[in-house]
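Here are the chains, one letter per residue:
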Amino acid sequence: QVQLVESGGGLVQAGDSLRLSCAASGRTISTYAMGWFRQAPGKEREFVVGISRSGGVTSYADSVKGRFTISRDNAKNTVYLQMNSLKPEDTARYYCAARGSSRLPSQQKYEYDYWGQGTQVTVSS
């Protein structure tokens, strides 16, 4: 079992930055590909970004390319999401997820085995 706890969300203005963290416990995340998803009210949970077990491969949704950066520190059992140039359309609850079946991330939420409770990001215009 892996427990994931997200933090770092908040209320910011358009153009601001935020850094989300996902702290894992229970097992080392070095054996998991990791992903960040988000869900806005009334919408499906969507893929944002993913990173491979080693950190060498990343995958980004087109909507966040060039603005968001995922990284991981396996020694700290933590994954990060740096979000720059935030837009109102980035407003959502952000979830961290762990995928054990592959070393690579997936854009499909059903491929992930463990999920955190999420952290709210609200971007005002």
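Just so we're clear, the structure is a prediction, and the values are computed from it rather than from any experiment.

With antiparallel pairing, the 4 strands of this open sheet are ordered in space as E1-E3-E8-E7. Single-partner strands in this sheet number two, and they are strand E1 (3-7) and strand E7 (68-73). Recorded for the sheet is a direction-independent mean angle of 15° between the axes of neighbouring strands.

This part covers the state of the cysteines. All chains considered together, the criterion is met by 1 disulfide. The disulfide bridge from Cys22 ends at Cys96, spanning 2.1 Å between sulfur atoms. Here the S-S torsion is close to -80°, and the disulfide linking Cys22 with Cys96 is therefore left-handed. Here Cys22, found in strand E3 (residues 18-25), pairs with Cys96, found in strand E9 (residues 92-99); they are 74 residues apart in sequence, far enough to count as distant. Accessibility assignment for this pair places Cys22 and Cys96 in one class, buried.

Here the focus is the nonpolar core. If you look at the biggest cluster of nonpolar residues, it comprises 35 residues, and the most contacted ones within it are Leu4, Met34, Trp36, Phe68, Leu81, Met83 and Tyr94. Elements with a contribution of two residues or more to this core: E3, strand E4 (33-39), strand E5 (46-51), E7, strand E8 (78-83), E9 and strand E11 (119-124). Considering each element in turn, this core owes the most residues, 5 residues, to E9.

This next bit is on the pairing of E4. Most of E4 is tucked away: 6 of the 7 residues are buried. In this sheet, E9 lies alongside E4 in antiparallel orientation, the contact comprising 7 bridges. Bridge pairing in E9 links Trp36 to Cys96. Sheet topology places E4 next to E5; 5 bridges connect them, and they run antiparallel. Paired with Met34 across the bridge in E5 is Ile51. Where E4 folds back on E5, the antiparallel hairpin that results is connected by 6 residues, among which Gly42 adopts a positive phi of roughly 80°.

Here is what the cut-offs are and how they apply
- Residues numbered from 1 in each chain as written.
- Predicted model: local features only at pLDDT ≥ 70, side-chain atom pairs only at ≥ 80, totals over all residues.
- Heavy atoms only, no water.
- Pairing = 2+ DSSP bridges.
- Helix = DSSP H or I, 4+ residues; strand = E, 2+ residues; numbered from the N terminus.
- Axes fitted to C-alpha atoms, helices over the stretch in contact; angles between N-to-C directions.
- Disulfide = S-S within 2.5 Å.
- Buried < 20%, exposed > 50% of the residue type's maximum accessible area, 1.4 Å probe, protein only.
- Core = buried A, V, L, I, M, F, W, Y, C linked by side-chain atoms within 4.5 Å.

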